[in-house]
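Residues per chain are reported as follows:
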Amino acid sequence: MSRTLIFSVVVLAVGAKPNLDAQEISGMPSFKDVLSLKSVGSPQISPEARMVAYTVRSTDWDENSYDTEIWLAPADGEVFQLTRTADGSSTSPQWSPDGRRIAFVTDRGEGRQVHLIAVRGGEAMPITNMDGGVTAFSWAPTGDRILLSVSESESEESKATKEQYGAFEVEDAETRNSHLWMMEIDKDGEASEPERLTEGDFHISEAHWSPDGTRIAYVRHPDSKLLSFMESDIFVLDVESGESSGLVVGAGPDSGPEWSPDGEWILFSEYEQDLGSLFFLNSELARIPSAGGSIQVLTRDFDEEPGPVAWTEAGIRFGAGHRTRRIIYSLDPETGGIEELPLPSP
């Protein structure tokens, strides 16, 4: 069929008046009905695997906004709502390693800040007050520290421009890099003042604790511009000394570092091809000793785009698309063997 004919058919289809209004069809939901549907997300299993924290997003028509709150689903009880944010939402729940508390992000007038709440309920307490808010956070496996990702403060020039002309952004004209901070958390949930871990003219997009909490693998970009991911590298930071060293540095994007259970290896996604084919050829999963060494590509014979999910004692689990399906695979890091992981039927 020619493009002209296709265009003509589309115009006729759009311009034709239907015989029956869609909302008049019995059982057909209205546009407002669809927007009013609640959605769940961000499931987090508790350390003892007895509860699941998750978010529920609902529509607030009076405020013309969405509201997201955190709920808990016990294995042997009724689900219940944990947070009730008066103005704004509560998102990104993360269990403390001892399972007693949940840290989450909410904006209650001071930007996106991390709060702590007891699993049994009660008032959520803010533990950060970072200028500009917190973009991401994660508990240390030891439970006594929290890693923060914080964007640099907005420039005075940018503030003045927004004050005069309103909020707007010129794509890739001005960027605000993110860096890593760390705070200590005691057994009562009291937090210390955040300590800055990284600084410099670069941007950090993701960071992951080692299993023993002594090191942090992070992804470093030249800046926070849209296409800077094409030059991303992986660094490892020693928490005690504060020193960072390049682990995977070179041409092409390297991202998604995942530690092996023993902390001896780091799994990551890399791209070996020419950057001109970046958007239509597959990347690979590879591993490298966490102390540095030779890179071992693990999925060279796998003809799909792999994405790391987790490295467990049973092996590596990753997802990949296959036609219209999304499949979870098991990868043996020693033999390179890949098998589809059977999932239980609902």
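Residues numbered from 1 in each chain as written. Predicted model: local features only at pLDDT ≥ 70, side-chain atom pairs only at ≥ 80, totals over all residues. Heavy atoms only, no water.

A. The sheet that holds strand S22 (residues 315–322), seen in detail. Strand order in the open sheet formed by four strands is S21-S22-S23-S24, and the pairing between neighbours is antiparallel. Two strands bound the open sheet, and with one partner strand each, they are strand S21 (307–312) and strand S24 (338–340). Direction aside, neighbouring strands of the sheet carry axes that sit 30 degrees apart on average. Strand direction decides the pairing type here: S21 and S22, joined by five bridges, are antiparallel. (Pairing = 2+ DSSP bridges. Helix = DSSP H or I, 4+ residues; strand = E, 2+ residues; numbered from the N terminus. Axes fitted to C-alpha atoms, helices over the stretch in contact; angles between N-to-C directions.)

B. Representation of the nonpolar core within the structure. By size, the foremost hydrophobic cluster in this structure holds 15 residues, and its most contacted members are Val114, Ile127, Phe137, Ile146, Leu148 and Ile185. Listing elements by their share of this core, those giving two or more residues are strand S6 (101–107), strand S7 (112–118), strand S9 (134–139), strand S10 (145–151) and strand S11 (178–184). In contact with Phe137, not counting residues within four places along its chain, are Ser92, Gln94, Ala103, Phe104, Val105, Val114, Ile146, Leu147 and Leu148. (Core = buried A, V, L, I, M, F, W, Y, C linked by side-chain atoms within 4.5 Å. Buried < 20%, exposed > 50% of the residue type's maximum accessible area, 1.4 Å probe, protein only. Contact = heavy atoms within 4.5 Å.)

C. A look at the sheet that holds S9. Ordered by their spatial adjacency, four strands build an open sheet running S9-S10-S11-S12, and the pairing between neighbours is antiparallel. Here the strands that pair on one side only, and so sit at the sheet edges, are S9 and strand S12 (195–196). When S9 meets S10, the two strands line up antiparallel, connected through five bridges. Of the residues in S10, the one forming a bridge with Ala136 is Ser149.

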